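# Descriptive analysis of the structure
Chain by chain, the residues:
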Amino acid sequence: MDRGLAERRHMKLGDSIRLFEGREALQIVGLFARESDVATADVYAPLAVVQRLRQRPGELSFSLLEVAPGLRPEQVEAAAALALKDIRVLTLGAARARAVAAAAPLRLVARSLSSIVSALAAAVVLLTLWSTVSERSADYAVLRAMGFGPGAILADVLCQAALLGGAGAVIGTIAGSAILLGVVSKVHPALGVWPGRA
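Residues numbered from 1 in each chain as written. Predicted model: local features only at pLDDT ≥ 70, side-chain atom pairs only at ≥ 80, totals over all residues. Heavy atoms only, no water.

Helix and strand counts for the protein chain stand at six helices and two strands. In sequence order, the secondary structure elements of the protein chain are arranged as α-β-β-α-α-α-α-α. In the protein chain, which comprises 198 residues, the proportion classed as buried is 16%. For the protein chain, the computed accessible surface area is about 14,600 Å², with 65% contributed by carbon and sulfur atoms. (Helix = DSSP H or I, 4+ residues; strand = E, 2+ residues; numbered from the N terminus. Buried < 20%, exposed > 50% of the residue type's maximum accessible area, 1.4 Å probe, protein only. Areas by Shrake-Rupley, 256 points an atom, 1.4 Å probe, with all protein chains shown as cover.)

To continue, consider the nonpolar core. Most often, soluble globular proteins keep nonpolar side chains buried together rather than apart. By size, the foremost hydrophobic cluster in this structure holds ten residues: M1, L5, A6, M11, I17, L19, L26, I28, V49 and L53. Contributing elements (two or more residues each) for this core: helix 1 (3-8) and helix 2 (47-53). Within the second largest apolar cluster, five residues are counted, among which are L129, Y140, V157 and A161. (Core = buried A, V, L, I, M, F, W, Y, C linked by side-chain atoms within 4.5 Å.)

Below, the discussion takes up the pattern of salt bridges. This model, assessed by the stated rule, comprises four salt bridges. A salt bridge links R136 to D139, with the nearest nitrogen and oxygen atoms 3.7 Å apart. For D139, a relative accessible area of 41% puts it in the partly exposed group. For D156, the salt bridge identified is with R136, shortest N-O distance 3.7 Å. You can see D156 sitting in helix 6 (residues 150-187) and its partner R136 sitting in the loop between helix 4 (92-135) and helix 5 (137-145), a full 20 residues away along the chain. Via salt bridges that share partners, R136, D139 and D156 belong to a single interconnected network. (Salt bridge = Lys/Arg side-chain N within 4 Å of Asp/Glu carboxyl O.)

Turning to a nonpolar patch on the surface, a few remarks are in order. On the surface, a cluster of nonpolar side chains totalling about 380 Å² of accessible area is made up of V109, L113, I116 and L120. Turning to its location among the elements, V109 is positioned in helix 4. The class of V109 is partly exposed, set by a relative accessible area of 46%. (Patch = residues over 30% accessible without salt bridge, like charges linked within 9 Å, V, L, I, M, F, W, Y side chains within 5 Å.)

So this is what it looks like as structure tokens:
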């Protein structure tokens, strides 16, 4: 298990983690330090164990090959493709480009939903502010009669709008973060809470 992840989750050698919900727990037998310039995982487990936990014996989704110092991935790509005839061989850059292209529709949907939610939130704040101003029109008339100018009344309205918007932003950020962590933790335990610990 990655040492930084273990420290963040307050885990140590001998502790158990459950990589997949509803599956058996695995014991931590070692910690490793993540190298910033190397693609790596959060947890390493024997391939046969992961295949058994996922109930997919013999299946391999992808594997990363480390290139010897002094060589470029493009130089060994053809040799790897020849050795692994029935398996598609891609450089990490090509694999990333394919993943980014595959995720583009999802990003478009997410951005669209974000824009819609933002517009709805702005409309709610505007309608709430309009309702508040309408209900207090008599109060504003009294304030005008007492000598308060339009600028002071406008400042009062804008302060109310700022308070409403600020409170909504804080509550929305907290709720959104909680929902995001709840969803992401099911997919990527390093970003959220482990689905289960034994």
